[in-house]
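Analysis of the macromolecular model
What follows is each chain in one-letter form.
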Amino acid sequence: MSRNSQTRNEIRLTVLLFASYAEAIGASSVGVTLADGATVNDLLAAVRQLAAGKALPPAAVAVNCEYATAQQLLKPGDEVAIIPPVAGG
Amino acid sequence: MTFVALGPAVIDPAALTASVQTAECGAVSLFIGVVRNRNGGRPVMGIEYTAYEAMALAQMRRIVSELENEVSGVRIAVQHRIGQLGIGEASVVIAAAHAHRAPAITAASRTIEELKRRVPVWKCEHYEDGTREWVHA
C-alpha cells in the first residue's frame, strides 16, 4: 500500500456492490475517495453517481457487516457495502 | 451449537432437523422456502440467489441468537442456498425445536420474517420470455 495514495484529508474505500447496483455500475466493487469526515450518506451519493443516471432502488449501507445510519462517519479500513432492498427466503 | 449456513449446496431438511432435535423436544417446526413458478402473474423459470456472504452469515447468526434468547429453550438451525435454483427447489430451510409446539412454531415463523427483513440476499427472477429482473432490488 502506497502512503502517497492516502492524504490526511481524504478517505479511500472499496465499496462492495450487489444485485442491481453491481449490474448498473458493471462491477462487484468500486473504489471511492471521500473527504475526511464523510458520512454514509456521502458514500451512497458518490456510488449512485457512478451509475450514471440509471434507475436504482433506495439502498442501505453496511459498514463492517452492520447496517449503518445515514450520518455515521466512515474511516479508512472500513468494509463498506451497498445493500439494495433484500429479498432472501 | 447452532447450525447456520449459506452456500450453493442443496439443503437437506433432515440434517437441519437432526441438528436441533434432542430427546427433550416434543416438536420440531420446519419451514421450507421454495422457488415458485409465477410471481405477480409472470411465469418464472428459475431464480438466481446472490448474497453478501459474510454479512448474511453474521445476520443469520444474530437472528438465531436473538430468538434463542427470547424464546426460552428453543433451538434453531437455518440454511440459505445461493446460485441458480429451479422451480420447486428449496432456497431456505429453518428448523426450530422445543419441548412444546407453540414456541417451536413461533420461533420458525419469526426466523423467516427476520431473515427476509435483514439478511443481505437478493434474487434475480428468470422469466419465460428470456428476460430477468432483480426482485425489489
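Heads up: these notes are all about the structure in this document. (Residues numbered from 1 in each chain as written. Chains lettered and ligands numbered in written order. Predicted model: local features only at pLDDT ≥ 70, side-chain atom pairs only at ≥ 80, totals over all residues. Heavy atoms only, no water.)

1. Some points on the interface of chain B and chain A
Interfaces are often sized by the accessible area lost when the parts come together. Each partner contributes to the interface: chain B provides 25 residues, whereas chain A provides 19 residues. Together, the buried faces of chain B and chain A total about 1,800 Å²; carbon and sulfur atoms form 58% of this surface. It is Tyr52(B), Met55(B) and Trp122(B) that lose the most area in chain B upon contact with chain A, and together they represent 34% of the buried surface on that side. Where chain B packs against chain A, one counts two salt bridges. Where chain B touches chain A, the interface holds 14 residue pairs in polar contact (both at pLDDT 80 or more). Of all the elements in the fold, those that place two or more residues in the side of chain B that touches chain A are β4 (42-51), α2 (53-70), β7 (90-98), α3 (101-118), β8 (121-127) and β9 (132-134) of chain B. With five residues, the single largest contributor to the side of chain B that touches chain A is α3(B). The residue makeup of the side of chain B that touches chain A, split by class, is 15 nonpolar, four polar and six charged. (Contact = heavy atoms within 4.5 Å. Buried area = accessible area lost by both parts, 1.4 Å probe. Salt bridge = Lys/Arg side-chain N within 4 Å of Asp/Glu carboxyl O. Polar contact = N/O pair within 3.5 Å; in protein donor to acceptor, adjacent residues only side chain to side chain. Helix = DSSP H or I, 4+ residues; strand = E, 2+ residues; numbered from the N terminus. Nonpolar A, V, L, I, M, F, W, Y, C, P; charged D, E, K, R; others polar.)

2. Examining the pattern of salt bridges
When their charged atoms lie close together, side chains carrying opposite charge are able to pair. All names here are of chain B. Evaluation of the coordinates by the stated rule reveals 10 salt bridges over all chains. For Arg81, the salt bridge is made with Glu89, and the minimal N-O distance between the two is 2.8 Å. Between Arg117 and Glu114 there is a salt bridge, with its nearest N and O atoms 3.0 Å apart. Of this pair, Arg117 and Glu114 both sit in helix α3, three residues apart, roughly one helical turn. It is possible to trace a salt-bridge network through shared partners that takes in Glu66, Glu114, Arg117 and Arg118.

3. Observations regarding helix α1 (residues 13-20) of chain B
All names here are of chain B. Within α1, the full set of buried residues consists of Leu16, Thr17 and Val20. Down the axis of α1, the buried side of the element spans an arc of 100°, and every buried residue falls inside it. Projecting away from the buried face of α1 at angles above 90 degrees are the exposed residues Ala14 and Ala18. At its buried positions, α1 is contacted by β1 (3-7), β2 (27-34), β5 (75-81) and β7. Capping of α1 at its N-terminal end is provided by Asp12; its side-chain oxygen lies 3.0 Å from the backbone amide nitrogen of Ala14. (Buried < 20%, exposed > 50% of the residue type's maximum accessible area, 1.4 Å probe, protein only. Arc of directions from axis to C-beta.)

4. Some remarks on α3(B)
Over its 18 residues, α3(B) extends 26 Å from the first C-alpha to the last, a length consistent with the 26 Å expected when each residue adds 1.5 Å. Within the span of α3(B), buried status applies to Ala104(B), Ala107(B), Ala108(B), Thr111(B), Ile112(B), Glu114(B), Leu115(B) and Arg118(B). All buried residues of α3(B) lie within an arc of 165° about the axis, which places them on one face of the element. Seen from the open side of α3(B), the exposed residues pointing more than 90 degrees away from its buried face are Arg101(B) and Arg117(B). The secondary structure elements touched by the buried residues of α3(B) are β4 (66-67) of chain A together with β2, α2, β5 and β7 of chain B. (Expected span 1.5 Å × (residues − 1).)

5. Concerning the environment of Ile82(B)
All names here are of chain B. Among the structural elements, Ile82 can be located in the loop between β5 and β6 (83-86). Along the chain, Ile82 and Glu53 lie 29 residues apart, while their C-alpha atoms are 9.5 Å from each other. Once residues within four sequence positions are removed from consideration, Ile82 is found in contact with Leu6, Gly7, Pro8, Tyr49, Thr50, Ala51 and Glu53.

6. A word on the packing of aromatic side chains
Applying the stated rule across the entire model yields two aromatic pairs over all chains. A ring pair is formed by Phe18(A) and Trp122(B), whose centres lie 4.9 Å apart and whose planes are at 15°; its orientation type is stacked. Of this pair, Phe18(A) sits in the loop between β1 (10-16) and α1 (19-25) while Trp122(B) sits in strand β8, placing the two residues on different chains. With respect to burial, Phe18(A) and Trp122(B) carry one shared label: buried. (Phe/Tyr/Trp six-rings, centres within 6.5 Å; stacked < 30°, edge-to-face > 60°.)

7. Concerning the sheet that holds β5(B)
For sheets, the rule is that strands pair by backbone hydrogen bonds, running either parallel or antiparallel. Residues and elements named next belong to chain B. Across the sheet, which stays open at both edges, the four strands sit in the order β1-β5-β7-β2 with mixed pairing between neighbours. If you trace the sheet from one side to the other, it starts and ends with β1 and β2, each paired once. Adjacent strand axes in the sheet meet at a mean angle of 5° when their direction is disregarded. As defined by bridge partners, β1 adjoins β5 across five bridges and the pair is classed as parallel. Bridging across to β5, Leu6 finds its partner in His80. The strands that α1 touches are β1, β2, β5 and β7; relative to β5, the one it contacts most, it runs at about 155°. Lying on the sheet, α2 is in contact with β1 and β5; it crosses β1 at an angle near 155°. (Pairing = 2+ DSSP bridges. Axes fitted to C-alpha atoms, helices over the stretch in contact; angles between N-to-C directions.)

On their own, these measurements won't tell you what the molecule is for.
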